[in-house]
Amino acid sequence: MSLDPATLAAILGMTLATYLCRAGGYWLFRQIRPGRTMRAALAYLPGTLFVGYVAPGLWSGGPQAWAGGAMTVAAMVATGNVGVAIFAGTGAAWLVWLLR
Amino acid sequence: MTDAVRFTRAGMRRGLRQALPVSLGILPFGIVTGVVAQGAGLSLAETTLMSATVFAGASQLMALGSWAHPAPVLGATLAALVVNLRLALMGPALAPWLDRLRGWRVWLTLFFLVDHGWAMAITEIRAGRSDAGFLLGSGLALWLPWVVTSAAGHLLGSLLRPPPGHPLFFAALAAFISLLVPLWRGRQDLLPWAVAALVALLVARLLPGSYWHIVAGALAGSLTGALAERRGAA
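Only a predicted model underlies this, so the values are computations on that prediction, with no experimental measurement involved.

1. Some points on the overall build of chain A
In terms of regular secondary structure, chain A is built from three helices and zero strands. Secondary structure elements of chain A occur, N-terminal to C-terminal, as α-α-α. The C-alpha atoms of chain A give a radius of gyration of 20 Å, which is well past the 13 Å a tight globule of 100 residues would have. Each of the three principal axes of chain A carries a C-alpha extent, and together these read 50 × 50 × 25 Å. Put simply, chain A has 100 residues, and 46% of those count as buried. Total accessible area on chain A stands at roughly 5000 Å², and carbon and sulfur atoms take up 73% of it.

In structure tokens:
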């Protein structure tokens, strides 16, 4: 158990930068009222953000990621439960990985 | 939204209950982060502190990937800023709740803002629910397992080394895929989502190892959706 000054400074920097992102985006939009187009864009943001996150991983992940992704969607549609969907999807990916 | 926005313990409990199964999905991610931190030479206290205060796994993994001694203060800070820019894009969407809260509740809630809790909160807002305590509850339900598994990962250290490409890592991807399902609103989302995927793939290829593809894909997709709506209305 030790705390190194430079490591502490780096952790502090990361913490401040991350909080700036978390709070800054909301703060900024409270100062500038978004117009209609901006509000429409914000409504699309949740979906597009996660698509942007998963697309490269699915693309490069090969058959195990494709099977896992399909199973995750199917389980989520069937049960509506995120935990079940994650387990089913990861299980399917694992199965394909074992069968390679 | 017709109801007044509230901030109650019941709302926090609701968020906590909904986020707990999701937190299972981040367990491998937390353990991996702990293992990587141990490998980078961070102490158990430093690893735990980082997870507790930064609380953003992708940025932690990226910073730890190029850690050095003495620690790269500027590099790690910049990495956190770039990777977590997406969090700045999330905050404004919570305005229906946050605009009606006062003081510490807003800024404390925003400290616990992460992808999963945010996606669930958006689903709540769209369903017309008005208890903003949900967001803090779901944030806490994700924060505690994150800190605990990071510490556990550090302890397991050299014992637990799943190779890159191990299907356990798919759990992180599966968490985001399952969160996408309730966000699908119908045909109108098809073009924006396709644009987001294409731009993200392209940027990920041009700038591998960075997280710009998330920001670029999200901006391109959202603007496409907004412009398509404007053309449809005109």
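Here the narrative resumes.
2. Some points on helix H3 (residues 57-65) of chain B
Side chains three or four residues apart in an α-helix point the same way, a direct result of the helix having 3.6 residues per turn. Within H3 of chain B the residues assigned to the buried category are Gly 57, Ala 58, Ser 59, Gln 60, Ala 63 and Leu 64 of chain B. On the buried face of H3 of chain B, the contacting elements are helix H1 (5-31) of chain A together with helix H1 (9-39), helix H2 (44-53), helix H4 (73-83) and helix H9 (133-156) of chain B.

3. Let's talk about the packing of helix H2 (residues 36-79) of chain A against helix H12 (residues 212-233) of chain B
It is the contact of H2 of chain A with H12 of chain B, at a shortest axis distance of 6 Å, that shows an interaxial angle of 140°. When the interaxial angle is binned, H2 of chain A and H12 of chain B end up oblique. By crossing handedness, the relation of H2 of chain A to H12 of chain B is classed as right-handed. The residues of H12 of chain B that touch H2 of chain A, namely those facing Thr 37, Ala 40, Ala 41, Tyr 44, Leu 45, Thr 48, Leu 49, Gly 52, Tyr 53 and Pro 56 of chain A, are His 213, Ile 214, Gly 217, Ala 218, Gly 221, Ser 222, Leu 223, Gly 225, Ala 226, Glu 229 and Arg 230 of chain B. Across the contact of H2 of chain A with H12 of chain B, the residue classes tally to eleven nonpolar, eight polar and two charged.

4. Quick look at the interface of chain B and chain A
Counting residues at the interface gives 89 residues for chain B, matched by 66 residues for chain A. Across the chain B/chain A interface, buried area totals approximately 6700 Å², and carbon plus sulfur atoms make up 77% of it. Three residues, Trp 107, Pro 167 and Phe 170 of chain B, lead the burial of chain B against chain A; their summed loss comes to 9% of the area buried on that side. Where chain B touches chain A, the interface holds zero salt bridges. Between the two partners, chain B and chain A, sit 17 residue pairs in polar contact (both at pLDDT 80 or more). Tallying contributions element by element places H12 of chain B first for the side of chain B that touches chain A, with eleven residues.

So, how was this worked out
- Residues numbered from 1 in each chain as written.
- Chains lettered and ligands numbered in written order.
- Predicted model: local features only at pLDDT ≥ 70, side-chain atom pairs only at ≥ 80, totals over all residues.
- Heavy atoms only, no water.
- Helix = DSSP H or I, 4+ residues; strand = E, 2+ residues; numbered from the N terminus.
- Rg over C-alpha atoms; globule rule 2.2 N^0.38 Å.
- Buried < 20%, exposed > 50% of the residue type's maximum accessible area, 1.4 Å probe, protein only.
- Areas by Shrake-Rupley, 256 points an atom, 1.4 Å probe, with all protein chains shown as cover.
- Contact = heavy atoms within 4.5 Å.
- Axes fitted to C-alpha atoms, helices over the stretch in contact; angles between N-to-C directions.
- Parallel < 35°, antiparallel > 145°, perpendicular 65-115°, else oblique.
- Left-handed = near helix turned anticlockwise from the far one by under 90°.
- Nonpolar A, V, L, I, M, F, W, Y, C, P; charged D, E, K, R; others polar.
- Buried area = accessible area lost by both parts, 1.4 Å probe.
- Salt bridge = Lys/Arg side-chain N within 4 Å of Asp/Glu carboxyl O.
- Polar contact = N/O pair within 3.5 Å; in protein donor to acceptor, adjacent residues only side chain to side chain.

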